[in-house]
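Read off the chains here:
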Amino acid sequence: MAGRPRLCVVALLALTLTPACFPEYLRCAANADCPEPEYACGDEGLCVRATDSMSSSSSGVSVGSSSSSSSSSSASSSGSSSGQSSSSTGSTSASTGSTSGSSTSSSGASTSGGWQLTAALDNAITALAVSPTTPDTVYAGVPGYGVFRSTNAGDSWTEYNDGLMTDDDNVVSLAASEDRLFVSTTQRMYRRTLTTPWTTTGPTSMQTGDRVVLAADPQNADLVYAGSDRGKVWRSDSGASSWTVATAGLLELTRVNCIAVGGSNRVYVGGNGVFRSASAGETWQDMELGLTDVKALAEDSAFLGGALYIVDATGVYVYENFLLTPLGNVPSASTVALGQTVNGARVYVGANDGTNVLVYTTTHDELLGQQTPWTPTQVRGNAGSSFIWALAVAPGDTRRVYAALNSGLNVYRTFTGGQ
């Protein structure tokens, strides 16, 4: 994409970088200047991992090697995770401490415990999506730079912009479905396959400047939903080749912040309220929950009729058995994602306690009728007002989660549910 300013991809794992590529927050005069506790100020005046080897060369500083893995971004252990997660059977939405022990993912990436900083994309990340069939393949939307793809769980990233127009790179939303990927920007909507470039799509009533969120049905690769900040909702039955208006029953909807696809043709949109469809978007009903600033939604489809997790400006809730229940004190929650298990779900909520960026975790077992207390895990310390803009759980592996922050060194992963 000619004409786009260069994005500095800070590869903390295996790339060689020139000092000029580093942003200001990676420059340092002392260890205290570095943004993460496990970083130290190196001889070149750049923050590097204290545990990584450094060598000077004419091209800059080489951090780590192609075979080295990233270390955990957490500081101290609060316990190790146990057991393996169940395979995915349902819907998608979209620790203070590290643990000992590690294994290897299908790409060779380290799967040690806690949250790990991946090869960092030096900008805010507004959207994440994980391949439904390949959990090491992750897509990130970077405002001003388009779409980036990693095929090794974040060890490295490459531009994935062939077909995107050069003036159209402010990504709003991403959705993945089998071998297809969908993206919305502030100008247009696009779709592509793994072997073909991006092509424009989108409903004719979509306007330039609309902020459109997307959701793909994990059970039907042809079914895609879109909603805008003007309160419009569209549906495609053709893998985003064509679109129809899907607003029957949405008279009170004025903006769409999020869409979640559940089981048995259930779909939800959230914004100035929560609206539910039991007919794959053909008709909708206001759930009348009294929530007016809904940020994120995710359904646990193992629950009969669906248990809906909601992040609103007023807190985190679950709606089940026709009851809306607050779920404890999660500070400044920003988003929610879940991984479906056979009997329930593992739920993740992004939060900030005023100092640290956290992910709170709970598990819901429908068979036993149990919901565990929230467990906070630290993604990044001393983060100020930074927050998690996007969370994505890999289908089929409820403990593999990717988190994107709105600033700084900002793409993190865990293979152990953060524990």
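Everything below is about the structure shown above.
Residues numbered from 1 in each chain as written. Predicted model: local features only at pLDDT ≥ 70, side-chain atom pairs only at ≥ 80, totals over all residues. Heavy atoms only, no water.

1. A few points about the sheet that holds strand 27 (residues 315-320)
The line we're drawing: Whether two strands pair depends on DSSP finding at least two bridges between them. Put simply, DSSP H or I for four residues or longer makes a helix, DSSP E for two residues or longer makes a strand, and each gets a number counted from the N terminus. Working convention: axes come from line fits to C-alpha atoms, limited for helices to the stretch in contact. Angles between N-to-C directions cover 0 to 180 degrees.
Taken in spatial order, the 4 strands make up an open sheet running 25-26-27-28, and their pairing is antiparallel. Each end of this open sheet is capped by a strand with a single partner; those strands are strand 25 (294-300) and strand 28 (323-326). Direction aside, neighbouring strands of the sheet carry axes that sit 20° apart on average. Looking at chain direction, strand 26 (residues 307-312) and strand 27 are connected through 5 bridges and run antiparallel. Bridge pairing in strand 27 places D312 opposite G315.

2. A word on the sheet that holds strand 9 (residues 127-130)
The strand order across the open sheet formed by 4 strands is 9-10-11-12, and the pairing between neighbours is antiparallel. Strand pairing shows two members of the sheet lacking a second neighbour, strand 9 and strand 12 (158-159), which therefore form its edges. As paired elements, strand 10 (residues 138-142) and strand 11 (residues 146-150) share 5 bridges and run antiparallel to each other. Paired with V138 across the two strands is S150, which belongs to strand 11.

3. Let's talk about the packing of aromatic side chains
This is how it is decided: Only rings of Phe, Tyr and Trp enter the pairing, Trp through its six-membered ring, and a pair is recorded when the two centres are within 6.5 Å. The plane angle decides the type: under 30 degrees is stacked, over 60 is edge-to-face, the rest tilted. Under the scheme applied here, a residue whose accessible area is under 20% of the maximum for its type counts as buried, over 50% as exposed, and between as partly exposed, the area being computed with a 1.4 Å probe on protein chains only.
Within this structure, the stated rule accounts for 4 aromatic pairs. Summarising the aromatic geometry, the rings of Y139 and Y160 are spaced 5.7 Å apart at their centres and angled 35° between planes, so their arrangement reads as tilted. Highlighted residues: Y139 in strand 10 and Y160 in the loop between strand 12 and strand 13 (171-177), separated in sequence by 21 residues. Judged by relative accessible area, Y139 falls into the buried class, the value being 4%. Measuring from centroid to centroid gives 6.4 Å for Y160 and W198, while their planes differ by 80°, and the two rings are edge-to-face. Residue Y160 is located in the loop between strand 12 and strand 13, and its partner W198 is located in the loop between strand 15 (189-193) and strand 16 (199-201); the two are separated by 38 residues in the primary sequence.

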